[in-house]
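# An overview of the molecular structure
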Amino acid sequence: RQIYVSRNLLFLGCSLEEDITLKLFKKVIDNKEFFPSKHYAMLPDIADKKEKKKKETRMIQYNISPIWFRVKHNSYEELNTLLGFVKHLVLDELRL
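Residues numbered from 1 in each chain as written. Predicted model: local features only at pLDDT ≥ 70, side-chain atom pairs only at ≥ 80, totals over all residues. Heavy atoms only, no water.

## Concerning the pairing of strand β2 (residues 39–44)
Note on strand geometry: in a regular strand, side chains alternate between the two faces of the sheet. In plain terms, the rule: Note: two strands are recorded as paired if DSSP finds a minimum of 2 bridges between them. Secondary structure elements follow DSSP: runs of H or I of four or more residues count as helices, runs of E of two or more count as strands, with numbering from the N terminus. By convention, a crossover is right-handed whenever its connection, traced from the first strand over the helix to the second and viewed with the strands pointing away, goes clockwise.
The sheet contact formed by strand β1 (residues 10–11) and β2 spans two bridges and is parallel. By the bridge assignment for β2, Leu10 is matched with Tyr40. Taken together, the six bridges between β2 and strand β3 (residues 64–69) define a ladder with parallel strand orientation. Residue pairing across strands places Tyr40 opposite Ser65, the latter belonging to β3. The β-α-β motif built from β2, the intervening helix α3 (residues 49–61) and the parallel element β3 has right-handed crossover chirality.

This is how it looks when you write it as structure tokens:
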């Protein structure tokens, strides 16, 4: 719980479906004792617009902003590019 409310998290390689992590997040939010930090999840884009909106709505409910990336021919090149960008942002932030 402490990490969820005091640190920004980046989720990679997990679907963030109803699992123990989201149950903990829901408990913190429902408790209203703490306001969670902003979190992010890098997720493969979903072609079905209704399914994508459903997942996006669920993530936002847990204070997680989805960052969608395209997977082309089983290549995660766009994810690699995004991670490089995040790396530079974090390094710049640490220098401040």
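Having seen the model, we can carry on.
## Brief notes about the pattern of salt bridges
Let me state the cut-off plainly: We define a salt bridge as a side-chain nitrogen of Lys or Arg found within 4 Å of a carboxyl oxygen belonging to Asp or Glu. Exposure is judged per residue with a 1.4 Å probe applied to protein chains only, and the accessible area is read against the type maximum: over 50% gives exposed, under 20% gives buried, and values in between give partly exposed.
Scanning the entire structure with this criterion turns up five salt bridges. Here Arg58 ties to Glu17 by a salt bridge, and the two come within 3.0 Å at their closest N and O atoms. Here Glu17 lies in the loop between β1 and α2 (20–31) and Arg58 lies in helix α3, a separation of 41 residues in the sequence. Overall, the relative accessible area of 14% leaves Arg58 in the buried class. Between Lys26 and Asp30 there is a salt bridge; the shortest N-O distance is 2.7 Å. Of this pair, Lys26 and Asp30 both sit in helix α2, four residues apart, roughly one helical turn.

## Overview of unusual backbone geometry
One non-glycine residue, Asn63, lies in the positive phi region at around 65°. The residue Asn63 is located in the loop between α3 and β3 in this model.

## Digging into the environment of Ile64
Counted only if it meets this: Here, two residues are considered to be in contact whenever any of their heavy atoms come within 4.5 Å of each other.
Mapping Ile64 onto the fold places it in strand β3. For the pair Ile64 and Asn8, spaced 56 residues apart in sequence, the C-alpha to C-alpha distance is 9.6 Å. With near-sequence residues (within four places) excluded, Ile64 lies in contact with Phe11, Leu16, Leu22, Phe25, His39, Tyr40, Ala41 and Met59.

## Structural notes on the nonpolar core
For clarity, the threshold we go by: Nine residue types can take part in a nonpolar core, namely buried Ala, Val, Leu, Ile, Met, Phe, Trp, Tyr and Cys, and a core is a set of them joined through side-chain atoms within 4.5 Å.
In this structure, Phe11, Leu16, Leu22, Phe25, Ala41, Leu43, Met59, Tyr62, Ile64 and Trp68 together form the largest nonpolar core, which totals 10 residues. Counting only elements with at least two residues in this core, the list comes to α2, β2 and β3. Sequence-distant contacts of Phe11, that is, excluding residues within four places in its chain, are made with Leu16, Thr21, Phe25, His39, Tyr40, Ala41, Met42 and Ile64.

## Examining the confidence of the model for the protein
Defined as follows: Per-residue confidence from the prediction method is given by pLDDT, with values spanning 0 to 100.
Here the protein averages 81 in pLDDT, while 86% of its residues score no lower than 70. Ranking the helices and strands of the protein by mean pLDDT puts α3 first, with 92, and helix α1 (residues 2–6) last, with 60.

## Notes on the sheet that holds β1
Spatial strand order, β1-β2-β3: three strands in an open sheet with parallel pairing. The outermost strands of the open sheet, each flanked by one partner alone, are β1 and β3.

## Re a nonpolar patch on the surface
Operational definition: Residues forming no salt bridge and having over 30% relative accessible area are the ones grouped into patches, like charges within 9 Å of each other and nonpolar side chains (Val, Leu, Ile, Met, Phe, Trp, Tyr) within 5 Å. To be clear on the numbers: accessible area is Shrake-Rupley with a 1.4 Å probe, and residue cover counts the displayed protein chains and nothing else.
Judged by side-chain polarity, Leu10, Leu12 and Tyr40 come together as a nonpolar surface patch covering roughly 240 Å² of accessible area. Tracing the backbone through its elements, the reader meets Leu10 in strand β1. On the basis of relative accessibility, which here comes to 37%, the residue Leu10 falls in the partly exposed class.

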